[in-house]
Amino acid sequence: MQKTKAKLPVLIISVLVIGACFLRFFQLLSTPEVSAQTIESYSKLSYLIYALIAIMLAVSLVLALKKPNACQVIRQSRVISISSLIASAGMFIDFINQSSVCFKYFSNTRYVEYAYIIPLALSGIFSLVSCFYLICISLTSRGRNFDFKKFNFLHLSIILFGVARFVKITTAIVDVRSDIDSILEFLFLIFIVFAWFGYISFIYGEGKGKSILFTLSSIMSFCVSIVFFVPYLLYAFVNFDGVINETTLSAVSYFAMGVFSISLVSENKK
């Protein structure tokens, strides 16, 4: 009975994630023509997805409060080693993605908009640094002779990546009704930055509140990354033409980071 109660929040979150993925997939299948009626229908689906994510956040908070000591320093773990390599590959894909976008921008633009290109370039640089950082984490979790606390600046790479990408998103006008990809990306970046901030803060100064922040944000970054990535994966089986672009490649990278963040929580709870 107690085990069932303990697993109930996880079950609820799983159902909510599946529901949000289904709604987003349906949106992709029925991308509307420009008309008042179809845009209104599309907007309702967007608000439903946001509502499900809000409920996920509430349930994740309950789960995080039940596991206040889930945050620990990186230790030897095969799961963390593999997931960090997956995340490293995701960050490398993001570096290639941002480099490609930069190249196309300079090739097709006569007047450079620095408010756009600087955050874009910085996010590409920090994604490459994060790639190296995650490889170091993989080596650490394999029991190699690395002191995780002495990585210094590298600890900030993921946070700086998130902040740079966050600034890039804010340079564009976003409509919460129709531009759901930008909203999901925005939410993911917030959660991954807070997750890693909580983790680093805990490492250098233990605190129960920081551990809860880490757990909550890690769970949510994983959930949002699924809602962002999986519908596009399913859509690729229906219509592969044009499905590989800047947005979908970012979704792959975010999902890889989401897998890594949730692996830290699951392994540290053991």
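Details of the structure are given in the entry above.
What counts as what
Residues numbered from 1 in each chain as written. Predicted model: local features only at pLDDT ≥ 70, side-chain atom pairs only at ≥ 80, totals over all residues. Heavy atoms only, no water. Helix = DSSP H or I, 4+ residues; strand = E, 2+ residues; numbered from the N terminus. Expected span 1.5 Å × (residues − 1). Buried < 20%, exposed > 50% of the residue type's maximum accessible area, 1.4 Å probe, protein only. 1 Å grid on protein atoms, 1.4 Å probe; cavity = no way out; pocket = protein on both sides within 12 Å on 5 of 7 lines; lining within 4 Å. Points joined across faces, edges and corners; volume = space filled by probe spheres on them. Nonpolar A, V, L, I, M, F, W, Y, C, P; charged D, E, K, R; others polar. Core = buried A, V, L, I, M, F, W, Y, C linked by side-chain atoms within 4.5 Å. Contact = heavy atoms within 4.5 Å. Patch = residues over 30% accessible without salt bridge, like charges linked within 9 Å, V, L, I, M, F, W, Y side chains within 5 Å. Areas by Shrake-Rupley, 256 points an atom, 1.4 Å probe, with all protein chains shown as cover. Salt bridge = Lys/Arg side-chain N within 4 Å of Asp/Glu carboxyl O. Phe/Tyr/Trp six-rings, centres within 6.5 Å; stacked < 30°, edge-to-face > 60°.

K.L.:
Run through the environment of Val10, naming residues and quoting values.
P.N.:
By secondary structure assignment, the location of Val10 is in helix H1 (residues 2–29). As a C-alpha pair, Val10 and Ile219 span 209 residues in sequence and 9.9 Å in three-dimensional space.

K.L.:
How would you explain helix H5 (residues 157–170) if you had to name every residue and give the values?
P.N.:
An α-helical turn contains 3.6 residues, so any two residues separated by three or four positions project in the same direction. Its 14 residues give H5 an end-to-end C-alpha distance of 20 Å, which sits within 8% of 20 Å, the value for a rise of 1.5 Å per residue. Residues of H5 that are buried: Ser157, Ile158, Ile159, Phe161, Gly162, Ala164, Arg165, Lys168 and Ile169.

K.L.:
Explain empty space enclosed by the protein residue by residue, including any values.
P.N.:
Per the stated rule, a full pass over the model turns up one cavity of 30 Å³ or more. Space inside the largest cavity adds up to approximately 30 Å³. Lining the largest cavity are Ile192, Ala195, Trp196, Ser218, Met257, Phe260 and Ser261. Listing elements by their share of the lining of the largest cavity, those giving two or more residues are helix H6 (180–204) and helix H8 (246–268). Looking at the lining of the largest cavity residue by residue, the class counts come to five nonpolar, two polar and no charged.

K.L.:
Please set out the nonpolar core residue by residue, giving values where relevant.
P.N.:
Val17, Met56, Leu134, Trp196, Val227, Met257 and Phe260 are the most contacted members of the largest nonpolar core, which totals 64 residues. For this core, the secondary structure elements donating two or more residues are H1, helix H2 (36–66), helix H3 (78–108), helix H4 (114–141), H5, H6, helix H7 (208–238) and H8. Among the elements that line this core, the one with the most residues is H7, at 14 residues. Setting aside residues up to four positions removed in sequence, Trp196 forms contacts with Tyr133, Ile137, His155, Ile158, Ile159, Phe260 and Leu264. In terms of nonpolar packing, the next biggest core, distinct from the first, is built from six residues, Val101, Tyr105, Tyr116 and Leu120 among them.

K.L.:
With reference to specific residues and values, describe a nonpolar patch on the surface.
P.N.:
A grouping of Leu8, Leu11, Ile12 and Val15 is seen on the molecular surface, where their side chains present a nonpolar patch of about 350 Å² in accessible area. Secondary-structure assignment places Leu11 in helix H1.

K.L.:
Can you lay out the pattern of salt bridges for me, pointing to particular residues and giving the numbers?
P.N.:
Within the structure shown, the criterion is met by four salt bridges. Across the pair Arg24 and Asp181 runs a salt bridge whose closest N-O atoms are separated by 3.0 Å. Of this pair, Arg24 sits in helix H1 while Asp181 sits in helix H6, and the two are 157 residues apart along the sequence. Summarising the burial analysis for this pair, Arg24 and Asp181 share the class buried. Asp94 is the partner of Arg165 in a salt bridge, and the nearest nitrogen-oxygen pair spans 2.5 Å. With Arg165 in helix H5 and Asp94 in helix H3, the pair connects residues that are 71 residues apart, well separated along the chain.

K.L.:
Tell me what's going on with the packing of aromatic side chains, and back it up with residues and numbers.
P.N.:
According to the stated counting rule, one finds 11 aromatic pairs in the structure shown. Between Tyr47 and Tyr50 the ring centres are 6.2 Å apart and the planes differ by 70°, which places this aromatic pair in the edge-to-face class. Of the two residues, Tyr47 and Tyr50 both sit in helix H2, three residues apart, roughly one turn of that helix. Centre to centre, the rings of Tyr105 and Tyr116 are 5.2 Å apart; their planes meet at 45°, and the pair counts as tilted. Highlighted residues: Tyr105 in helix H3 and Tyr116 in helix H4, separated in sequence by 11 residues. Linked through ring pairs, Phe188, Phe228, Tyr232 and Tyr254 together constitute an aromatic cluster.

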